[in-house]
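# Residue-level structure breakdown
Listed here are the chains, written in short residue letters.
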Amino acid sequence: MSEILSALIRGGDRDDHVRLRLVQTLYTQPNTLSVGALAGCAAAVSVAAIMRTPLTSLLAGLLLIVGLCRIGAASWLARSGARGDARRLELAYAAGAFAYALLSGVLAAVVLYMAPPAEVQVLAVASTLIFGVGMSACCAGRPRIAIGQMLLSVMPVVLVAAAAGGIVLPTLAACLLLALWGMVAITLSSYRTLKEQIAAAEASGRMAENMRRLARTDVVTGLLNRAGLNHDLVELLMGLPENRKLAMFWLDLDKFKEVNDTLGHPVGDRVLAEVAKRLRAQVPQGSVLSRFGGDEFIVVADVADRRESERLAGAIADEIAQSLRLDGRRIDISTSMGVALLPDDAPDIDTLMQGADLALYHAKVGGRNQVCFFDTSMTRAFVRKKEIEAELRAAIARDELSIFFQPIVDLDTGRIRSFEALVRWFHPEKGELRPDEFIPVAEETGVIITLGNWITAQAARACAQWPEDVTIAVNLSPVQLRAPGAALGILTALREAGLDPRRLELEVTESLFLDDNQHTARFIEELSAVGVRFALDDFGTGYSSLGYINKFPFCTIKVDRSFVSGPNVGRKSDAIIRAVAEMGNTLDMEIVAEGLETIDQVHAVRNAGCTLGQGYYFSRAVPDYLAAMLLAQEREESPDLRRAAP
């Protein structure tokens, strides 16, 4: 009995969402309620019509009104999904159910008390009892309603039957009490089972939602990952007002790899988390914010026009550029950013991402630490780059490329000491393509790895046919150097050509040391150990750090042509050449002057201390057979024939 009382007085379940689901079960089968109510009303009207007493007519009329109201309310709530406050929905259902049950029970008790013909008593009592018992299953989700209906419908009959004389009706009352007890137990058992199933379903739903959230979240920054970005972008686009635009900001942290390499990945992760925090503080509410991968972030915001997107891009860049401190260490970071707008630059999300990516690419190529907005010319440049990439791959496969050789001459003796290998591309339809047109594309796309290995192999084969005192110089791209097995590829080319490693000189620029110092050092050490020589190319145009010369085993320094034949040649450039030459001579290094075009320039660099010269004054780059002829001719003539006159 305590369990029954507990079910009757319990105000509701602790989990409001589970309670709402249980209340909603009351409204899931409006047809069942309608059929039951109509059957009960039909029985009541029939009883009232037979007995024709004011009381039975009144009770039947009230029962009919309540029944029709319940049918209408149940149908309307079922169509609307029975959403809203669980307590209010439960009270609304209970009011109708209790009223109907009480009227049905009182009518059956009155009929039993008035003792009309037996068939009338059976109709009235049976209809009420069927209704009361049926509620134990229909309303099991809310046991107090189910039990309340049973008590209100059955107890009036029990009381009248118990008070009657004889044996039959009191026996009926006792049987009804036992049946009532059993139905209460069944109702409570059904309730517990239903509640556990709903609670389990809710828990599974929450777990599934949590898994979806985790699958769309970046663990380092707490921002959306790619999957989450794609999902939220669709929702943001669907809710975009007609007079607004979507601005996509694609960010790439500049030289973030150095942070990981020098300070470790844990510090790098903390930097990424700090960047995410700063982005959250800057972007407008409702924006989509994602870590796209590595050190790339994407922000998508709702803006009014391009000017607003420019202000937001500037604010983001300025915020990220602020120095941060981790464990007392100051870390300076900056970002390159590409921006594209929808619908100005793209009709859909995919095209918008392509535009922002292209703008980011141009921002990085333009020197990093800058914001670049998408422009249609970028698409043309991208298409042209892809075209060159495809044609270059095909040219390598079809052997359309050639290696030309430009002499490097000893300024003291006039003899050829070396050749620099230069690639030439003679396109069958477009004619000769300049290296400065296709080499950058090869570096950006990774084709330079294949191309660089091919150039080294061809140059080594040519040099193997020359006199042993003549060497070959090959330019080395930073991209080629960082490729897996870069040193092995060069050693393989030397072995297959049968060329002594000491006859190969690899020319590198200062930019090589800015991004990956450790890897560069291992590469140079591995090849230097077998005799390969290294030259520092274009010296004087970059950072020109003397630390590179002190740290790495350079044998040659090539003074950039801008100091020899550029528009600013004069007393200052001459002093710079003299200083570099004096340093080189002290360190027992060769100093090559590039871009020599006149005899006066030859005199100037030789007097400044340069030991080698290269330029049109001596020879343009020539095919391998002409290079061999130059060497053969030089050996036949006087060694002083090409000596520059003092």
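Residues numbered from 1 in each chain as written. Predicted model: local features only at pLDDT ≥ 70, side-chain atom pairs only at ≥ 80, totals over all residues. Heavy atoms only, no water.

## Quick look at the confidence of the model for the protein
The cut-off we apply is this: The predictor's confidence in any single residue is recorded as pLDDT, a number from 0 to 100. We call two residues in contact when some of their heavy atoms are within 4.5 Å.
When pLDDT is averaged along the protein, the result is 81, and 84% of the positions lie at 70 or above. Here residues 1-14 is modelled with pLDDT under 50, and outside its nearest four sequence neighbours on either side it reaches 27 contacts, counting other chains as well. The low-confidence segment residues 640-646 (pLDDT under 50) makes 14 contacts with residues lying over four places distant or belonging to another chain.

## Some thoughts on the layout of surface pockets
To find leftover empty space, a probe the size of one water molecule is rolled over the atoms. Formally: Computed over the protein atoms alone on a 1 Å grid, cavities are sets of points where a 1.4 Å probe fits but cannot get out and pockets are open sets with protein on both sides within 12 Å along at least five of seven lines; a residue lines them when it has an atom within 4 Å of a point. Grid points are joined across faces, edges and corners, and a volume is the space filled by probe spheres set on the points. We count a stretch as a helix when DSSP gives it H or I for four or more residues in a row; a strand needs E for two or more, and each element gets its number in order from the N terminus. Each residue gets one of three labels, nonpolar for Ala, Val, Leu, Ile, Met, Phe, Trp, Tyr, Cys and Pro, charged for Asp, Glu, Lys and Arg, and polar for the others, Gly among them.
There is about 1200 Å³ of room inside the second largest pocket. If you trace the second largest pocket, you find 39 residues lining it, with E420, L422, P435, I439 and N475 closest to the centre. The biggest single contributor to the lining of the second largest pocket is strand 9 (residues 416-427), with 6 residues. Looking at side-chain class alone, the lining of the second largest pocket contains 15 nonpolar, 10 polar and 14 charged residues.

## Considerations on empty space enclosed by the protein
If you walk through the whole model with that rule in mind, you get 3 cavities of 30 Å³ or more. Taken as a whole, the largest cavity spans an internal volume of roughly 70 Å³. Residue lining of the largest cavity: G40, A43, A44, V47, L63, S104, L107, A108, A124, S127 and T128, and that is the complete set. At the level of secondary structure, the elements contributing two or more residues to the lining of the largest cavity comprise helix 3 (30-51), helix 5 (86-114) and helix 6 (118-138). In terms of residue count, helix 3 provides more of the lining of the largest cavity than any other element does, 4 residues in total. Of the residues that constitute the lining of the largest cavity, the class distribution is 7 nonpolar, 4 polar and no charged.

## Overview of the side chain of H427
We count it as follows: In protein, a polar contact means a hydrogen-donor-capable atom and an acceptor-capable atom, both N or O and within 3.5 Å, with residues adjacent in sequence counting only if both atoms are side-chain atoms; elsewhere, any N or O pair within 3.5 Å suffices.
Looking at the element boundaries, H427 is found in strand 9. A polar contact of 3.1 Å, which involves the side chain of H427, links it to the backbone nitrogen of K430. Sequence-distant contacts of H427, that is, excluding residues within four places in its chain, are made with E391, E432 and L433.

## With respect to the nonpolar core
Definition in use: Nonpolar core, defined: a set of buried Ala, Val, Leu, Ile, Met, Phe, Trp, Tyr and Cys residues in which side-chain atoms within 4.5 Å join the residues together. Summary of the burial criterion: residues with accessible area below 20% of their type's maximum are buried, those above 50% are exposed, and those between are partly exposed, where the area comes from a 1.4 Å probe applied to protein chains only.
By size, the foremost hydrophobic cluster in this structure holds 71 residues, and its most contacted members are F405, L451, W466, I472, L506 and F523. Ranked by residue count, the leading element in this core is helix 16 (residues 447-463), at 9 residues. Look past the residues within four positions of W466 in its chain and what remains in contact with it is F405, F419, T471, I472, R503, A627, A628 and L631. Membership of the second largest hydrophobic core comes to 32 residues, among which are L253, A276, V283 and L341.

## Comments concerning the sheet that holds strand 1 (residues 245-253)
Inclusion rule: Strand pairing is defined by DSSP finding a minimum of two bridges between the two strands. Between N-to-C directions, angles span 0 to 180 degrees; the directions come from axes that are lines fitted to C-alpha atoms, helices contributing only their stretch in contact.
Pairing in this open sheet of 5 strands is mixed, and the strands run 2-3-1-6-7 from one edge to the other. In the strand order of this sheet, the two ends are held by strand 2 (288-293) and strand 7 (371-373), each with one partner. Averaged over neighbouring strand pairs, the angle between their axes works out to 20° when direction is ignored. As paired elements, strand 2 and strand 3 (residues 296-303) share 5 bridges and run antiparallel to each other. In the sheet register, S290 faces strand 3, and the bridge partner there is I298.

## Focus: the pattern of salt bridges
Formally: Salt bridges are identified by distance alone: a Lys or Arg side-chain nitrogen within 4 Å of an Asp or Glu carboxyl oxygen.
Scanning all chains against the criterion turns up 24 salt bridges. For the salt bridge of K430 with E391, the shortest nitrogen-to-oxygen distance reads 3.2 Å. Of this pair, K430 sits in the loop between strand 9 and strand 10 (431-433) while E391 sits in helix 14 (residues 376-398), and the two are 39 residues apart along the sequence.

## Focus on the packing of helix 16 against helix 18 (residues 486-497)
Any two packed helices are characterised by how steeply their axes cross, that is the angle between the axes, and by the distance between the axes. For the record, the criterion: Any angle between 65 and 115 degrees counts as roughly perpendicular, while under 35 counts as roughly parallel, over 145 as roughly antiparallel, and the rest as oblique. Here a crossing is taken to be left-handed if its near helix is turned anticlockwise relative to the far helix by less than a right angle, and right-handed if that turn runs clockwise.
Direction vectors running N to C along helix 16 and helix 18 enclose 30°, while the axes themselves pass 9 Å from each other. Between helix 16 and helix 18, the interaxial angle falls into the category roughly parallel. Crossing of helix 16 against helix 18: the hand is right-handed. Together, T456, A457, A460 and R461 of helix 16 and I490, A493, L494 and A497 of helix 18 make up the contact between the two elements. Residue classes in the contact of helix 16 with helix 18 are distributed as 6 nonpolar, 1 polar and 1 charged.

## Here we look at helix 9 (residues 226-238)
Heads up, the rule is: Between the first and last residue of a helix there are one fewer steps than residues, each counted as 1.5 Å, and that sum is the expected span. Throughout, the arc means the angular range of directions from the helix axis out to the C-beta atoms.
For helix 9, which comprises 13 residues, the first-to-last C-alpha distance of 19 Å matches the rise-based estimate of 18 Å (1.5 Å per residue) to within 8%. Regarding helix 9, the residues found buried are G228, L229, L233 and L236. Each buried residue of helix 9 sits inside an arc of 130° when the element is viewed along its axis, so together they form one side. Looking at helix 9, the residues exposed on the side facing more than 90 degrees away from the buried face are E235 and M238. Turning to helix 9, the residues buried within the fold contact strand 1, strand 2, strand 3 and helix 13 (349-365). The N-capping residue of helix 9, defined by a side-chain oxygen 3.2 Å from the backbone nitrogen of A227, is N225.

## Considerations on the packing of aromatic side chains
To be explicit about the condition: To pair, rings of Phe, Tyr and Trp, with the six-membered ring standing in for Trp, must have centres within 6.5 Å; the planes then decide the type, stacked if under 30 degrees apart, edge-to-face if over 60, and tilted in the middle. Only lysine NZ and arginine CZ atoms are considered, and such an atom sits over a ring when it is within 6 Å of the ring centre and within 35 degrees of the ring normal.
Per the counting criterion, the structure on display carries 8 aromatic pairs. An angle of 45° between the planes, with centres 6.0 Å apart, marks the rings of F404 and F426 as tilted. Here F404 is found in strand 8 (residues 401-410), whereas its partner F426 is found in strand 9, with 22 residues between them in sequence. Geometrically, the ring pair formed by W425 and F438 is edge-to-face, given 5.4 Å between the ring centres and 85° between the ring planes. Remark: F438 occurs in helix 15 (residues 435-445) and W425 occurs in strand 9; sequence separation between them is 13 residues. Aromatic ring contacts, followed pair by pair, group F405, F419 and W466 into a single cluster. We note K385 situated over the ring of Y361; from NZ or CZ to the ring centre the distance is 4.2 Å. Looking at R620, its charged tip hangs above the ring of Y616, at a distance of 4.0 Å from the centre.

## What to know about a nonpolar patch on the surface
Stated formally: Each patch is built from salt-bridge-free residues with over 30% relative accessible area, joining like charges within 9 Å and nonpolar side chains (Val, Leu, Ile, Met, Phe, Trp, Tyr) within 5 Å. Accessibility throughout is a Shrake-Rupley quantity obtained with a 1.4 Å probe, and a residue counts as covered only by protein chains that appear here.
Taken together, the side chains of L55, L58, L62, I65, Y113 and M114 define a hydrophobic patch exposed on the protein surface, amounting to about 610 Å² of accessible area. At the level of elements, helix 4 (54-80) and helix 5 are the ones that each hand at least two residues to the nonpolar patch. With 4 residues, the top contributor of residues to the nonpolar patch is helix 4. Locating L55 in the fold gives a position in helix 4.

## Focus on unusual backbone geometry
Most peptide bonds adopt trans geometry, and most residues besides glycine take a negative phi value. Between L342 and the following residue, P343, the backbone shows a cis peptide bond with an omega angle of 15°. One can find P343 in the loop between strand 6 (335-342) and helix 13. Within the chain, D399 stands out as a residue other than glycine whose phi angle is a positive 60°. Checked against the element boundaries, D399 lands in the loop between helix 14 and strand 8.

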